[in-house]
Amino acid sequence: MTITTGRVGATDRDPSDRDATARVDHLANLPWPFPDELEEFRYSVNVEPARIPRATRGGEWGRHIVDLGGREYPMIMAERRRILDADPHRVKVRPGMELACWDLLLYYLRDLALSNPGTMHLTEYGDARFHWRNDLLGTDQYFVLGVDDSVPNGPLDFLAREVPDDLLLVIERDGHLYFDAGAVTFAAAWSVSFDVGMDMYEIHAPVPGLTRQGIVARAEHFLRRLPADQVYRRVNWTLSASDSPKLDVSLEELPEWADDIPQMLRDRDFDRVHLRIELEHFIRLPMSGAVTFNIRTFMASLAEIRRIPEWAGQLATVIETLSEPIAAYKGFLEYRDDVVAHLRGQ
Ligand code: HEM
């Protein structure tokens with residue numbers, strides 16, 4: 001189906017889709033990462049205030065900090081819980097970060113309850129005791145703030161099982177920011193175990209040009225000055241290739257996805273390519289002063305994107321004009337011409 005103007009609604013979905021994930025309208029809440037006028041993409045410190053809804057050609061995004069994802073929410077959370085059960089090393093908390101993890105849990109549960117009053121409830125008893133209920137997942141948990149064993153596996157793991165976002169915490173030491181705690185199951189070709197404990201320069205060393213162009217220094221400067229009463233966000237994007245949208249393309253899972261691109265090239269089946277968008281939220285937490293870098297990953301196939309010709313055309317131009325080092329870092333240098341042709345319907 002081709003839609004030239006207006007929004008893509010639930011009724012536009014193909015009724016013959018059998019797979020549950022295919023029945024989700026991935027365009028409806030997709031944080032389209034490019035402004036209308038953008039034709040050439042460059043890295044920048046592209047931050048903006050959060051909690052502001054953004055209308056797009058596909059629908060809307062960004063009203064709340066956490067985008068539950070509608071009917072996709074239980075599917076994403078089942079995947080998150082499966083990964084955390086199989087590999088507890090996806091949660092890393094360095095010494096001294098315990099308070100920050102509780103800070104994060106409380107901030108998010110309060111925010112979720114306010115944003116979803118019909119389904120999520122936080123009762124505060126006033127003496128560090130709380131009761132959390134999430135009717136969508138069936139969670140019912142009493143806990144005592146600061147007492148790690150009052151939630152199963154500690155506060156960071158607990159929150160990671162309630163929200164679709166990967167959770168990352170940075171803390172300042174000697175004028176620099178360090179990534180000192182995280183619960184990450186959907187990393188795009190990196191590993192929480194490998195990166196935890198690094199500073200901003202070490203983390204971003206693999207990204208071509210980022211340090212040399214001063215972007216890491218500006219990003220660190222921005223985050224060190226982040227006020228406690230304002231939440232910011234940023235979008236980032238890449239492509240991935242697999243026969244179903246694969247959220248977990250972490251280095252831990254490399255053997256599971258390493259052959260996806262070679263296989264796609266052998267089959268010349270570019271419908272397997274997905275645009276992968278990360279919506280990241282920066283929040284200074286009130287009790288610990290730690291800053292979040294929480295990542296919600298959205299995916300849409302090229303076939304879905306082609307339903308909105310303006311998006312398909314813009315993505316084709318962005319990919320075509322991307323510098324070689326960045327296309328190589330993002331992992332699609334060898335097949336970008338095919339993607340561009342596919343997006344242009346050639
Ligand atoms: C305003 C702040 C930030 C900016 C502008 C920024 C920018 C970037 C950019 C441009 C990339 C390359 C992504 C791509 O092309 O797909 C990247 C990757 C990454 N960033 Fe950041 N970043 C920021 C903050 C952070 C923070 C606070 C953390 C961690 C706590 C972080 C962790 C990462 C990681 C793990 C990667 C992947 C690196 C790899 O490939 O090994 N970033 N970032």
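Scroll up a little and you will see the structure.
What comes next concerns the included structure. (Residues numbered from 1 in each chain as written. Predicted model: local features only at pLDDT ≥ 70, side-chain atom pairs only at ≥ 80, totals over all residues. Heavy atoms only, no water.)

## Re the overall build of the protein chain
Reasoning step 1: A tally of helices and strands in the protein chain yields 12 helices and 13 strands.
Reasoning step 2: Computed over C-alpha atoms, the radius of gyration of the protein chain comes to 20 Å, within 12% of the 20 Å expected from 2.2 N^0.38 for 346 residues, which places it in the range of a compact globule.
Reasoning step 3: With the principal axes as the frame, the protein chain shows a C-alpha extent of 65 × 50 × 40 Å.
Reasoning step 4: Taking all contacts inside the protein chain whose residues are at least 6 apart in sequence as the whole, residues at least 24 apart take part in 68%.
Reasoning step 5: Split by element, the accessible area of the protein chain, about 15,800 Å² in all, is 51% carbon and sulfur.
Reasoning step 6: Charged side chains in the protein chain number 39 positive and 56 negative. The centres of these two groups are separated by 3 Å. (Helix = DSSP H or I, 4+ residues; strand = E, 2+ residues; numbered from the N terminus. Rg over C-alpha atoms; globule rule 2.2 N^0.38 Å. Contact = heavy atoms within 4.5 Å. Areas by Shrake-Rupley, 256 points an atom, 1.4 Å probe, with all protein chains shown as cover. Lys, Arg positive; Asp, Glu negative; His and termini not counted. Charge placed at Lys NZ, Arg CZ, Asp CG, Glu CD.)

## What about the pairing of strand 13 (residues 294-301)?
Reasoning step 1: Burial runs high along strand 13: eight of the eight residues are buried.
Reasoning step 2: Residues Asn294, Arg296, Phe298 and Ala300 line one face of strand 13 and the alternating positions Ile295, Thr297, Met299 and Ser301 line the opposite face, and both faces are buried.
Reasoning step 3: In this structure, strand 11 (residues 273-282) lies alongside strand 13, joined through eight bridges in antiparallel fashion. Looking at strand 13, one finds that Leu275 is bridged to Ala300. (Buried < 20%, exposed > 50% of the residue type's maximum accessible area, 1.4 Å probe, protein only. Pairing = 2+ DSSP bridges.)

## Some details on the packing of helix 10 (residues 309-321) against helix 12 (residues 336-343)
Helix packing geometry: the angle between the two helix axes and the distance between the axes.
Reasoning step 1: Running from amino to carboxyl end, helix 10 crosses helix 12 at an angle of 160°, the nearest separation of the two axes being 9 Å. Classed by the angle they form, the pair helix 10 and helix 12 counts as roughly antiparallel. Of the two possible hands of crossing, helix 10 and helix 12 adopt the one that is left-handed. Residue-level contacts link Ala312, Leu315, Ala316, Ile319, Glu320 and Thr321 of helix 10 to Arg336, Val339, Val340 and Leu343 of helix 12.
Reasoning step 2: Class assignment for the residues of the contact of helix 10 with helix 12 results in seven nonpolar, one polar and two charged. (Axes fitted to C-alpha atoms, helices over the stretch in contact; angles between N-to-C directions. Parallel < 35°, antiparallel > 145°, perpendicular 65-115°, else oblique. Left-handed = near helix turned anticlockwise from the far one by under 90°. Nonpolar A, V, L, I, M, F, W, Y, C, P; charged D, E, K, R; others polar.)

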